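Chains, contacts and geometry: an overview
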Amino acid sequence: MRIILLGPPGSGKGTQAQLLVERYGIVQLSTGEMLRAAVAAGTPVGLKAKEIMASGGLVPDDVVVGIISDRIDQPDAKNGFILDGFPRTVPQAEALDELLRQKHLKLDAVIELRVNESALLSRVETRVAQMRERGEEVRLDDTPEVLTKRLASYRSQTEPLIHYYSERRKLSTIDGMMAIDEVTRAVHRQLLALGAVEPKTHGKGTAKGTSKSAAKAAPAKKGAAKAKTAKKSAKTAKKPAKSAKKAAKKGAKKAVKKTAKKTVKKAAKKTAGKAVKKAAKKAAKKVTKKRAKR
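What you see is a predicted model, and the numbers here were worked out from it, not measured in a lab.

It is worth spelling out the overall build of the chain at this point. Looking only at helices and strands, the chain has ten helices and five strands in total. Burial statistics for the chain: of 294 residues in total, 31% are counted as buried. Within the chain, counting contacts between residues at least 6 apart in sequence, those at least 24 apart form 75% of the total. Taken as a whole, the chain presents about 19,900 Å² of accessible surface, with 58% of it coming from carbon and sulfur.

On to the pairing of strand β5 (residues 171-175), then. Each regular strand shows side chains that alternate between the opposite faces of the sheet. By the alternation rule, side chains of β5 split into Ser172 and Ile174, which are all buried, and Leu171, Thr173 and Asp175, of which none is buried. With five bridges connecting them, strand β4 (residues 109-114) and β5 associate as parallel partners. Bridge pairing in β5 places Arg114 opposite Asp175.

Our focus in this paragraph is the sheet that holds β5. Think of a sheet as strands paired side by side through backbone hydrogen bonds, with each pair either parallel or antiparallel. Strands sit in the order β2-β3-β1-β4-β5 across an open sheet of five strands; the sheet is parallel. On the outer flanks of this sheet lie β2 (27-30) and β5, each paired with one strand and no other. This sheet shows a mean twist of 25 degrees between the axes of neighbouring strands, independent of strand direction. Relative to strand β3 (residues 81-84), β2 is paired through four bridges, and the arrangement is parallel. Within the sheet, the bridge partner assigned to Leu29 lies in β3 and is Leu83.

We now examine the pattern of salt bridges. In this structure the tally under the stated criterion is nine salt bridges. In this structure, Arg134 and Glu136 form a salt bridge, with 2.9 Å as the shortest nitrogen-oxygen distance. For Glu136, a relative accessible area of 38% puts it in the partly exposed group.

The subject of this paragraph is the packing of aromatic side chains. Counted by the stated rule, this structure contains one aromatic pair. Seen from their ring centres, Tyr164 and Tyr165 are 5.0 Å apart, and the 85 degrees between their planes marks the pair as edge-to-face. When sorted by exposure, Tyr164 lands in the same class as Tyr165, which is buried. Positioned over the ring face of Tyr164 is Arg168, at 3.7 Å from the centre of the ring.

Rules used throughout
- Residues numbered from 1 in each chain as written.
- Predicted model: local features only at pLDDT ≥ 70, side-chain atom pairs only at ≥ 80, totals over all residues.
- Heavy atoms only, no water.
- Helix = DSSP H or I, 4+ residues; strand = E, 2+ residues; numbered from the N terminus.
- Buried < 20%, exposed > 50% of the residue type's maximum accessible area, 1.4 Å probe, protein only.
- Contact = heavy atoms within 4.5 Å.
- Areas by Shrake-Rupley, 256 points an atom, 1.4 Å probe, with all protein chains shown as cover.
- Pairing = 2+ DSSP bridges.
- Axes fitted to C-alpha atoms, helices over the stretch in contact; angles between N-to-C directions.
- Salt bridge = Lys/Arg side-chain N within 4 Å of Asp/Glu carboxyl O.
- Phe/Tyr/Trp six-rings, centres within 6.5 Å; stacked < 30°, edge-to-face > 60°.
- Lys NZ or Arg CZ within 6 Å of the ring centre and 35° of its normal.

Structural data, given as structure tokens:
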């Protein structure tokens, strides 16, 4: 799954990206985070980006595209990624399309989080005040002054992307002013509608759902196994029955043969006895007749 999140600064792209990462087991590619890491490390790119970011400007395309290209090639991005904060301009979107084409990858969805700018300024002011109260360091690009400049940049440079992706039938717009969980549900519905995720796909964050489905499938599997065993038993039981039938048939045949043999033997014995007796009687009669003649 490869997704782009669009929206002005403070629209909640980072929050939604993190929730998508947890749910689907994909990685978040935030150019802002990568650039801030470079600033913190004091790298040449970081030092160059520091000045631009502090004034609310945009980092050059060649730097950003290079970062994205290297990051996509890493093993953890194999299952998919979310681009947060990139592309910001139409030329960047074209460069990304070319990059994905070269890597034989497809962009699944572009989600726009639409928000009210005056509400955003109020939100940032509240966040900055809370951070200062807690003694936390406020990001250079997270002040009402810088945000005003960034919103102006977004309107002039990034809003054309809405038309760019809309023409390519990749764009889905969601009300970013809703509660976080409502926005999350709306994003999931859009991803389902676009075919970016399968129904009942939960990723890493919902192993429980997978277990539940597996448990539900278990009785059916068990039943099938039982039926198979019963069939096997019936087949096994059939074998002795067949053997018994065969043996009975064989036994009956043998018995008939034996009886017939016995009957024949008995009849032969009887006939022989009768013949002997008759012959003896005839011989005795002859002898008697001979004696009488004398």
